[in-house]
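Below are the chains, spelled out letter by letter.
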Amino acid sequence: MAKHELYVERREKEGDYAIRRPGSKKASDTEATQADAIERAKEIDPEAAIHVERVRNTNRGSRDHWRKP
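Asker: Any chance you could explain the overall build of the protein chain here in plain terms?
Answerer: The helix and strand tally for the protein chain stands at one helix and five strands. Listing every helix and strand of the protein chain by position from the N terminus yields β-β-β-α-β-β. Looking at the protein chain as a whole, 28% of its 69 residues are labelled buried. For the protein chain, the exposed surface amounts to about 5000 Å²; the carbon and sulfur share of it is 44%.

Structure, rendered in structure tokens:
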């Protein structure tokens, strides 16, 4: 069985959030907010493991780390 994964990442230039499958060049969809993008990712593939890009530095991690919603 194939592993389902989706990534929610911020697009700096556009200022929105893209939902992508691993290795894809084009976003499956985009949303204005991170929360909306997470919800949309769940709609696109309810079975997928969703990975969310950190958009700010915290005491638990920096921007270049991924977290689960």
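Asker: Is there a simple way to explain the environment of Val-52 in this structure?
Answerer: Here Val-52 lies in strand β4 (residues 49-53). Linking Val-52 and Ala-35, residues 17 residues apart in sequence, is a C-alpha distance of 10.0 Å.

Asker: Looking at this model, I keep getting lost on the nonpolar core. Mind explaining?
Answerer: It is characteristic of soluble globular proteins that their nonpolar side chains tend to be buried jointly. Among the nonpolar cores identified, the biggest contains 10 residues, and these are Leu-6, Val-8, Tyr-17, Ile-19, Ala-37, Ile-38, Ala-41, Ala-48, Ile-50 and Val-52. Of all the elements in the fold, those that place two or more residues in this core are β1 (5-11), β2 (16-20), α1 (34-44) and β4. Of all the elements, α1 adds the most residues to this core, at three residues. Those residues in contact with Ala-48, other than ones at most four positions away along the chain, are His-4, Glu-5 and Leu-6.

Asker: What should I look at first to understand the pairing of β1 in this one?
Answerer: Regular strands show a simple pattern: their side chains alternate between the two faces of the sheet. For β1 and β4, the ladder comprises four bridges, and the chain directions are parallel. Looking at β4, one finds that Tyr-7 is bridged to His-51. Between β1 and β2, which pair antiparallel and follow one another directly, the connecting turn spans four residues, one of which, Gly-15, has a positive phi of 80°.

Asker: How do you make sense of α1 when you look at a structure like this?
Answerer: Restricting attention to buried positions, one finds in α1 the residues Gln-34, Ala-37, Ile-38 and Ala-41. All buried residues of α1 lie within an arc of 100° about the axis, which places them on one face of the element.

Reading the values: rules and limits
- Residues numbered from 1 in each chain as written.
- Predicted model: local features only at pLDDT ≥ 70, side-chain atom pairs only at ≥ 80, totals over all residues.
- Heavy atoms only, no water.
- Helix = DSSP H or I, 4+ residues; strand = E, 2+ residues; numbered from the N terminus.
- Buried < 20%, exposed > 50% of the residue type's maximum accessible area, 1.4 Å probe, protein only.
- Areas by Shrake-Rupley, 256 points an atom, 1.4 Å probe, with all protein chains shown as cover.
- Core = buried A, V, L, I, M, F, W, Y, C linked by side-chain atoms within 4.5 Å.
- Contact = heavy atoms within 4.5 Å.
- Pairing = 2+ DSSP bridges.
- Arc of directions from axis to C-beta.

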